[in-house]
Amino acid sequence: MHQPGMGSLCAAVALFALSLHGCTDGTVDAGQSCVDGDEDACVSDPGACTNGAENPPICDFFGWDPGPYPDPTYDAIDGRGWPDQTGGAHLCLWQDDALAAISFTVDDNCAPDHNWWVTQAEAYGFKVTWFVITGNIGTGAYWGAWADFAALAARGHEIQSHTVTHSDNQSEADWEYRQSQTDIETNIPGSRCRTLAYPNGTAYPTIASPYFIGARGVTGALNHGHDIDFMNTRSLSSFYYATTHWASITNMFTFDAGQASSYRAWQAMHFHDLSDVAKADLITGFELIRAQGRDAWVGLFREVIQYARERNDATVEVQGIAASRIQLNVTDTLDDDLYDYPLTIKVRLDGSWTGATASQGGTPAPVELIAHEGETYALVNVIPDRGPVTLSRVP
């Protein structure tokens, strides 16, 4: 395949355009390209015309701005970022540019509470992670049956590991972690057990890390945006509302200089048997979260772990800007089989964009237009290492 010389920026952009969009006559699908300088002779391998004479017309056809393109920016915990140039891309701290994240988890199977959690989850629009003791399933009503947990999974909730016997003995940890993972994936077809809750909060991260991408502890505190111990996350069992409290959910959404590290944090929560008082307190918290609207992301424990680890490792590249099209790419160095959760990228658009579509690797990608201080931005969800993303203006 011909590679353009560094002295021809237009030719380089043309090669990029061809490798993504195919020939200029529009007769081929994205991902195809030309050979031997013939626009109509195309092959399925991404590439570009070998005859450099075809490059200038392609540049003109796509109308790429010759650049240089804006450097990407990455979110900080002190507030949302907003690109200041058209085509500028910004990696958001949390999904859909939320201010803060929350996850609800239930330990020890707790079958008597299943219906209550399902009812609240449907009413408030969230999902729950159940950390189950696999060896106890099927041994009594409290522990539930595999069919119960399969039904929860079918509703979009997740079943993850709380070990086989709830042992916190280090000598047994490797087997407990590995076997519980096998139990869950065998008994709930299609499920993937990627996270763990340590029994009694006794953490063995080195033993757990070959099996899991994240593990939940029980230290009662918030997980701060860029300071998360993924293999022993903090977790709370109550909501705290006073702004003077070090784990105040209020301070996650409203900056307080006295508790600055709480702003934009992730609150993981764990529960066992719920009293009526605890249920009432939770509903108060659910109402507060719902009142935050898009500022709050309530994600599964696994989803937040994936997002944060990918975000911390990701590189964003703006690859092309035109009047009606923007190309960008998101990559990371993580295992693509384990880290396949979409990251939210914010892209600044010019005032002519009133609608947009997005695609990644030929597949439609979720995109939403938002306004901020008179400017228009797209929020597009991108899976790292799945190929460039094309944002296209809708007339």
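Provided above is the structure to which this section pertains.
Computed from a predicted structure; not experimentally measured.

What counts, and where the lines are drawn
- Residues numbered from 1 in each chain as written.
- Predicted model: local features only at pLDDT ≥ 70, side-chain atom pairs only at ≥ 80, totals over all residues.
- Heavy atoms only, no water.
- Helix = DSSP H or I, 4+ residues; strand = E, 2+ residues; numbered from the N terminus.
- Buried < 20%, exposed > 50% of the residue type's maximum accessible area, 1.4 Å probe, protein only.
- Contact = heavy atoms within 4.5 Å.
- Areas by Shrake-Rupley, 256 points an atom, 1.4 Å probe, with all protein chains shown as cover.
- Axes fitted to C-alpha atoms, helices over the stretch in contact; angles between N-to-C directions.
- Parallel < 35°, antiparallel > 145°, perpendicular 65-115°, else oblique.
- Left-handed = near helix turned anticlockwise from the far one by under 90°.
- Nonpolar A, V, L, I, M, F, W, Y, C, P; charged D, E, K, R; others polar.
- 1 Å grid on protein atoms, 1.4 Å probe; cavity = no way out; pocket = protein on both sides within 12 Å on 5 of 7 lines; lining within 4 Å.
- Points joined across faces, edges and corners; volume = space filled by probe spheres on them.
- Pairing = 2+ DSSP bridges.
- Arc of directions from axis to C-beta.

Asks: Just checking my understanding: could you explain the overall build of the protein chain for this structure?
Replies: Counting secondary structure elements, the protein chain contains 9 helices and 19 strands. Out of the 395 residues belonging to the protein chain, those deemed buried represent 51%. Intrachain contacts of the protein chain at a sequence separation of at least 6 include 65% that bridge at least 24 residues. For the protein chain, the exposed area adds up to about 16500 Å²; of that, 50% sits on carbon and sulfur atoms.

Asks: Can you walk me through the packing of helix H3 (residues 114–124) against helix H8 (residues 276–291) in this structure?
Replies: The description of two packed helices rests on the angle between their axes and on the distance between the axes. Put simply, H3 and H8 touch, their axes get as near as 11 Å, and they point 20° apart. What the angle tells us is that H3 and H8 run roughly parallel. Classified by chirality, the crossing of H8 by H3 is right-handed. Across the interface between the two elements, Trp116, Trp117, Gln120, Ala123 and Tyr124 of H3 pack against Lys279, Leu282, Ile283, Phe286, Glu287 and Arg290 of H8. Considered class by class, the residues forming the contact of H3 with H8 number 7 nonpolar, 1 polar and 3 charged.

Asks: Mind showing me how you'd approach the environment of Ile159 here?
Replies: By the secondary structure assignment, Ile159 is in strand S7 (residues 158–161). On the accessibility criterion, Ile159 (4% relative accessible area) is buried. Sequence separation of Ile159 and Arg194 is 35 residues, and the distance between their C-alpha atoms is 9.7 Å. With near-sequence residues (within four places) excluded, Ile159 lies in contact with Trp130, Val132, Phe149, Leu152, Ala153, Ile184 and Ile188.

Asks: Is there a simple way to think about the layout of surface pockets in this case?
Replies: Left-over empty space is what a probe sized like a water molecule reveals as it rolls over the atoms. Each pocket or cavity is described by its volume, and for the second largest pocket that value is around 160 Å³. Lining the second largest pocket are Phe104, Tyr124, Gly125, Phe126, Phe286, Ile289, Arg290, Gly293, Ala296, Trp297 and Val298. The set of elements that each furnish at least two residues to the lining of the second largest pocket consists of H8 and strand S11 (296–298). Residue composition of the lining of the second largest pocket, by class: 8 nonpolar, 2 polar and 1 charged.

Asks: I'm lost on the sheet that holds strand S12 (residues 315–321) in this one. Help?
Replies: What links the strands of a sheet is backbone hydrogen bonding, and the strands pair in either a parallel or an antiparallel sense. The antiparallel open sheet is built from 5 strands, whose spatial order is S12-S13-S19-S15-S16. Strands at the two margins of the open sheet, each flanked by one partner only, are S12 and strand S16 (363–364).

Asks: Would you mind going over the sheet that holds strand S4 (residues 89–91) with me for this structure?
Replies: Sheet architecture is open: 5 strands sit in the order S3-S4-S14-S18-S17, paired in mixed fashion. Edge positions in the sheet fall to strand S3 (73–74) and strand S17 (367–372), since each has one partner strand and no second. For strand S14 (residues 343–349) and strand S18 (residues 375–382), the ladder comprises 7 bridges, and the chain directions are antiparallel. Residue pairing in the sheet places Lys346 in a bridge with Leu379 of S18.

Asks: Teacher, can you tell me more about helix H4 (residues 146–154) here?
Replies: Turn by turn, an α-helix covers 3.6 residues, leaving residues three or four places apart pointing in a common direction. Where H4 is concerned, the buried positions are Trp146, Phe149 and Leu152. Down the axis of H4, the buried side of the element spans an arc of 120°, and every buried residue falls inside it. Turned more than 90 degrees off the buried face of H4, the exposed positions are Ala147 and Ala154. Looking at the buried residues of H4, the elements they touch are H3, strand S6 (129–132), S7 and helix H5 (170–187). Looking one or two residues past H4, Gly156 carries a phi angle of roughly 100°, positive in sign.

Asks: I tried to follow the pairing of strand S13 (residues 325–331) on my own but got confused; where do I start?
Replies: The side chains of a regular strand alternate between the sheet's two faces. With respect to burial, S13 is a largely interior element, 6 of its 7 residues being buried. In this structure, S12 lies alongside S13, joined through 6 bridges in antiparallel fashion. Within the sheet, the bridge partner assigned to Val316 lies in S13 and is Val330. Here S12 folds back onto S13, and the loop between the two strands holds 3 residues. Where S13 and strand S19 (residues 389–393) come together, 4 bridges link them in antiparallel fashion. Along S19, the bridge assignment pairs Arg325 with Ser392.

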